Number of protein chains: 2
Amino acid sequence: MADPRFDILGIGNAIVDVLARTDDAFLDKHGMRKGAMTLIDATDAERIYAAMPPAQEASGGSAANTCAVAAMLGARVAYLGKIADDQLGRVFAHDIRAGGVAFDAAPLQNGAPTARCLILVTPDGQRTMNTFLGACVALGEQDVDAALVADAAVTYLEGYLFDPPAAQAAFRKAAAAARGAGRKVALSLSDPFCVNRHRAAFRALVRDDVDILFANEAEIAALYEAEFDAAAEAARADVAIAALTRSEAGSVIVAGAETAVVPAAPTAVVDTTGAGDAYAAGFLAAWARGEALAACGALGSRAAAVTIARMGARPDPAALA
Amino acid sequence: MADPRFDILGIGNAIVDVLARTDDAFLDKHGMRKGAMTLIDATDAERIYAAMPPAQEASGGSAANTCAVAAMLGARVAYLGKIADDQLGRVFAHDIRAGGVAFDAAPLQNGAPTARCLILVTPDGQRTMNTFLGACVALGEQDVDAALVADAAVTYLEGYLFDPPAAQAAFRKAAAAARGAGRKVALSLSDPFCVNRHRAAFRALVRDDVDILFANEAEIAALYEAEFDAAAEAARADVAIAALTRSEAGSVIVAGAETAVVPAAPTAVVDTTGAGDAYAAGFLAAWARGEALAACGALGSRAAAVTIARMGARPDPAALA
């Protein structure tokens, strides 16, 4: 098997984040679940945006964040996701390419606009996300280039991809192409509510197709409908590696007979947006270099810490250097 | 004369900022003058953007920044500027309205896109700006609502408005409307290179139409082609109030027989983008409440300090409270 051209190929919803600080009362008033990602339609997107304070825009998307951070850490990375041919789509494409990630997907013409995620950051640093999927609903099987998948050591899929209906087929095609080429498949569960929406499909996918699983406590509990220790053991039986994050308690990595407990890196919490994405980036960047599980987790912890120390989902590259 | 509905009406180029951190070598490579604002065309905008690192977007524009900060400080504020009917135009309109600034200008249809300013922030906190004026070149006399001008205690004009040709007429119409209604006219010189481009027009305008002048050391020196003390005396002869900023040395305010020397507020410098705009906001917000010149300067210093302590041209409202 030839050496792959990329360490990581990320596939996900290509989204521009619209970030603003609010108080908890804003979340209550708009019926939002703090810390969750909720899907909204174009009408809700207009309504919530109109009520939001002044904001800043930055490229986001869970797997795209992971790709951007992994590239900062020196990994060779490519990304697949669907933008529209509009100003926000050009912002997304610029930012991911400028970060050194290969991104060649054709933008959607004459369809929905580029996806955006309205993110409210409360004083405790928690982020509450409202996603208008826009052009992402057009991502499908036809967008998955099997040769590109075969050319990446691991294909990393975000769980959020299960929300736009056509993307599930893209997801399965990518997983099959990776396995067919002898490559690995990684999955992030993304969000406990996303797991609840698609539990059966996730359970089957994790068992049959996933080599490396990323989840936080709420997500792994939602997947196996069990408390943490039992869920971790279930993951140990299902996948080769499960990296389970526990916020300020760090992470637990289970892999066959091995268990590694990794502390979080200390930091002030400004905005937790992108913390899990950055952890996966650090983990996979170290994994691609063949490092031991504890070292993979440690780089994940450091990337997450640098990310949550400032506003937005992607850290300052200088802070990671 | 009836009480005006607004304390401040700002008129300026409506711009979305695209901010990224770079090193000094990036500026050298692209032939940029550090700290200056340079006008670029659509082709240069594409070229520079393609070379820029990943960025974040936030609403900007000099007078618009001043309006946003003045509103945070409790002033009643309106704004006039030209956006296009596109995604970045909607971002601009959302942010200024969400900050409590009245903004009712009709977006440009079927013309150039919303203006953007590519801002490179170097490790010393200096910002170097490259502005593609886009829809701003369509701002003209027809956009100035004389009744709105008459309904603001002071109309605040940014010097950058002298760059798009039609805006000079808008500028003069607004100044005439303000004077005709017994209101005040304030002007920020914006940038020494902008002053050099339009010195004769600025000199005439300052002498004939301006009540409150804002400038930094380089700008006032460029206007009068004199060193600071002589330039300050020239300004004293030309305008009722001149507020002259000197970076970390604070500001000097000259007004008739009066001179106030105001220290800068201490802060760490993260990004100087918007410092002068915020100073003008603090000054005018206090002036509108009838405060003494030293108090106006002190609020200007505080607003500037809070602005330069973080990335971007507009401060966190919570930090100003």
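The preceding data block contains the structure.
First, a word on what this report is: a plain description of the structure on this page. These numbers were taken from a predicted model, which means no experiment stands behind them.

### Things to note about the overall build of chain A
- Regarding its fold elements, chain A presents 13 helices and 13 strands.
- Projected onto the principal axes, the alpha-carbon positions of chain A cover approximately 50 × 40 × 40 Å.
- Long-range pairs, those at least 24 residues apart, make up 76% of the contacts in chain A between residues at least 6 apart in sequence.

### Comments concerning the relation of the copies chain A and chain B
- Turning chain A through 180° and shifting it by 0.0 Å along the axis lays it on chain B, with an RMSD of 0.0 Å. Overall, the copies show the geometry of a two-fold rotation axis. Distance from the rotation axis, computed per C-alpha, reaches its smallest value in chain A at Glu57(A): 2.4 Å.
- Mapped onto chain B, 96% of the interface residues of chain A again fall at the interface, so both copies present the same surface.

### Examining unusual backbone geometry
Residue and element names in this part refer to chain B.
- You will see that Ser190, though not glycine, has its phi angle at about 75°, which is positive.
- Within the secondary structure layout, Ser190 lies in the loop between β9 (184-188) and α7 (192-197).
- Phi angles above zero are rare outside glycine, and Ser247 is one such case at about 50°.
- Its location among the elements puts Ser247 in the loop between β11 (241-245) and β12 (251-255).

### As for the sheet that holds strand β5 (residues 77-80) of chain A
All names here are of chain A.
- In spatial order, the strands read β5-β1-β8-β9-β10-β11-β12-β13; together these eight strands make up an open sheet with mixed pairing. Among the strands making up the open sheet, the edge pair consists of β5 and β13 (258-262). On average, each strand axis in the sheet is inclined to that of its neighbour by 15°, with strand direction left out of account.
- Where strand β12 (residues 251-255) and β13 come together, five bridges link them in antiparallel fashion. The partner of Ala255 across the bridge, within β13, is Glu258.
- This element, helix α9 (residues 217-224), spans β10 (212-216) and β11 (241-245) of the sheet and lies at about 110° to β10.

### Considering the pairing of β11(B)
Residues and elements named next belong to chain B.
- The buried fraction of β11 amounts to five of the five residues, a majority that puts the element mostly inside the structure.
- Judged by which residues are buried, β11 turns out to be covered on both faces: Ile241, Ala243 and Thr245 on one side and Ala242 and Leu244 on the other are all buried.
- With five bridges joining them, strand β10 (residues 212-216) and β11 adopt parallel strand pairing. Bridging across to β11, Ala215 finds its partner in Leu244.
- Alignment of β11 against β12, held across four bridges, turns out to be antiparallel.

### A short note on the sheet that holds strand β3 (residues 37-40) of chain A
- Read across the open sheet, the 10 strands follow the order β3(A)-β7(A)-β6(A)-β2(A)-β4(A)-β4(B)-β2(B)-β6(B)-β7(B)-β3(B); overall the sheet is mixed. The outermost strands of the open sheet, each flanked by one partner alone, are β3 of chain A together with β3 (37-40) of chain B. Each neighbouring strand pair of the sheet contributes to a mean axis angle of 25°, computed without reference to strand direction.
- Direction of pairing for strand β4 (residues 56-59) of chain A relative to strand β4 (residues 56-60) of chain B: antiparallel, over a ladder of three bridges. Paired with Ala58(A) across the two strands is Gln56(B), which belongs to β4(B).

### Thoughts on the pairing of strand β2 (residues 15-21) of chain B
Residue and element names in this part refer to chain B.
- Of all seven residues making up β2, five are buried, and the element is well covered by its neighbours.
- Direction of pairing for β2 relative to β4: antiparallel, over a ladder of five bridges. Paired with Val18 across the bridge in β4 is Glu57.
- Sheet topology note: the β2/strand β6 (residues 115-121) ladder contains seven bridges and is parallel. Residue Val18 lies in a different strand from β6, and its bridge partner there is Leu118.

### Description of helix α6 (residues 165-180) of chain B
All names here are of chain B.
- Between its first and last C-alpha atoms α6 spans 24 Å; for 16 residues at 1.5 Å apiece the expected length is 22 Å, and the two agree.
- Three or more residues of α6 are buried, namely Ala167, Ala170, Phe171, Ala174, Ala175, Ala177 and Ala178. Taken down its axis, α6 places every buried residue within 165° of arc, on the same side. Pointing more than 90 degrees away from the buried face of α6 are the exposed residues Pro165 and Gly180.
- Lining the buried residues of α6 we find β1 (6-11), α5 (146-150), β8 (152-158), β9 and α8 (199-209).
- Downstream of α6 by one or two residues, Gly182 has phi in the positive range, about 75°.

### A few points about the packing of α9(A) against helix α10 (residues 228-238) of chain A
Residues and elements named next belong to chain A.
- Across the interface, α9 lies against α10 with an axial gap of 9 Å and an inter-helix angle of 70°. Classified by the interaxial angle, the pair formed by α9 and α10 is roughly perpendicular. On α10, the residues that touch Glu217, Ile220, Ala221, Leu223 and Tyr224 of α9 are Phe228, Ala230, Ala231, Ala232, Ala234 and Ala235.
- Looking at the contact of α9 with α10 residue by residue, the classes come out as 10 nonpolar, no polar and one charged.

Here is what the cut-offs are and how they apply
- Residues numbered from 1 in each chain as written.
- Chains lettered and ligands numbered in written order.
- Predicted model: local features only at pLDDT ≥ 70, side-chain atom pairs only at ≥ 80, totals over all residues.
- Helix = DSSP H or I, 4+ residues; strand = E, 2+ residues; numbered from the N terminus.
- Contact = placed C-beta atoms within 7 Å.
- Least-squares fit on C-alpha atoms with pLDDT ≥ 70 in both.
- Pairing = 2+ DSSP bridges.
- Axes fitted to C-alpha atoms, helices over the stretch in contact; angles between N-to-C directions.
- Buried ≥ 20, exposed ≤ 12 C-beta atoms within 10 Å, placed from the backbone.
- Expected span 1.5 Å × (residues − 1).
- Arc of directions from axis to C-beta.
- Parallel < 35°, antiparallel > 145°, perpendicular 65-115°, else oblique.
- Nonpolar A, V, L, I, M, F, W, Y, C, P; charged D, E, K, R; others polar.

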